[in-house]
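Descriptive analysis of the structure
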Amino acid sequence: AYMELKTFSEAETHCLNAIQLAEMAVRQNPHHPPAIEMLSMTLGTRCLLLLHTDRFDTAEEVAKQSYTLAESIYHKTDPRMCKSLKINALVLEKQGKLSEAERSLFRCYTILCVTPGV
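Throughout this document, residue positions are counted from 1 along each chain, in the order its sequence is written. Selection of residues for local features in this predicted model requires a pLDDT of at least 70, selection of side-chain atom pairs for listing and counting requires 80 or more, and totals for whole chains, interfaces and linings are taken over all residues. Hydrogens and water molecules were not included; the side-chain quantities draw on all heavy atoms of the structure.

For the chain, the count of helices and strands is five helices and zero strands. Going along the chain from the N terminus, every DSSP run of H or I of four or more residues is numbered as a helix, and every run of E of two or more is numbered as a strand. N-terminal to C-terminal, the α/β element order of the chain is α-α-α-α-α. Put simply, the radius of gyration uses C-alpha atoms, and a globule should come to 2.2 Å times the residue count raised to 0.38. Against the 2.2 N^0.38 benchmark of 13 Å for 118 residues, the chain shows a C-alpha radius of gyration of 15 Å, consistent with a compact globule. In terms of its C-alpha atoms, the chain occupies a principal-axis envelope of roughly 40 × 35 × 25 Å. Burial status follows relative accessibility: with a 1.4 Å probe on protein chains alone, a residue under 20% of its type maximum counts as buried, one over 50% as exposed, and anything between as partly exposed. Within the span of the chain, comprising 118 residues, buried residues form 36% of the whole. Put simply, 56% of the contacts in the chain that link residues at least 6 apart link residues at least 24 apart. Any two residues whose heavy atoms approach within 4.5 Å are treated as being in contact.

And the structure:
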């Protein structure tokens with residue numbers, strides 16, 4: 001479904017609702033990778049929204065949650081880890097932690113280099 005959101009406040013409300021639905025799905029099926037993946041991706045979306053509204057500390061916390069969830073269902077060299085790694089790098093860059101951001105992006109690059117067909 002296509003949704004046009006006019007303000008960041010409106011977008012955040014929809015994002016928080018999506019997170020609640022994803023959390024419910026994880027509670028119902030705590031070992032179901034698609035439910036965990038959806039929560040991780042939704043948290044990643046919230047993280048981007050937080051970055052756009054200059055809430056870097058909260059964004060860092062949400063990015064860590066997203067990464068931890070992704071890490072719980074993917075192998076450390078799975079290319080699907082790259083989304084969480086890139087979001088983490090964005091947060092670190094906004095906070096001025098450039099060497100840490102570089103490490104996160106380098107790990108993503110390494111994963112993509114060793115993955116055939118990517």
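That covers the picture; the talk isn't over yet.
On to helix 4 (residues 81-94). Relative to the 20 Å expected for 14 residues at 1.5 Å per residue, helix 4 spans 20 Å between its end C-alpha atoms, a close match to the ideal helical length. Buried-residue contacts for helix 4 involve helix 2 (33-52), helix 3 (56-73) and helix 5 (98-114). Residue Gly96 follows helix 4 closely and has a positive phi angle near 80 degrees. Here the expected length of a helix is defined as 1.5 Å per residue gap, with one fewer gap than residues.

A positive phi is found at Asp54, a non-glycine position, where the angle reads about 60 degrees. As for its placement among the helices and strands, Asp54 is situated in the loop between helix 2 and helix 3.

The next point concerns the packing of aromatic side chains. Under the pairing criterion, centres of Phe, Tyr and Trp rings, with the six-membered ring standing for Trp, must be within 6.5 Å; the plane angle then separates stacked pairs below 30 degrees from edge-to-face pairs above 60, leaving the rest tilted. Per the counting criterion, the structure on display carries one aromatic pair. Between the aromatic rings of Phe106 and Tyr109, the centroid separation amounts to 6.3 Å while the plane-to-plane angle is 35 degrees, which identifies the pairing as tilted. Separated by three residues within a single helix, Phe106 and Tyr109 lie in helix 5, roughly one turn from each other.

Before going further, it helps to spend a moment on the side chain of Ser40. Structurally, the position occupied by Ser40 is in helix 2. Each residue touching Ser40, except ones within four places of it in the same chain, is listed here: Ser66, Leu69, Ala70 and Ser84.

Honestly, it's all geometry; don't read function into it.
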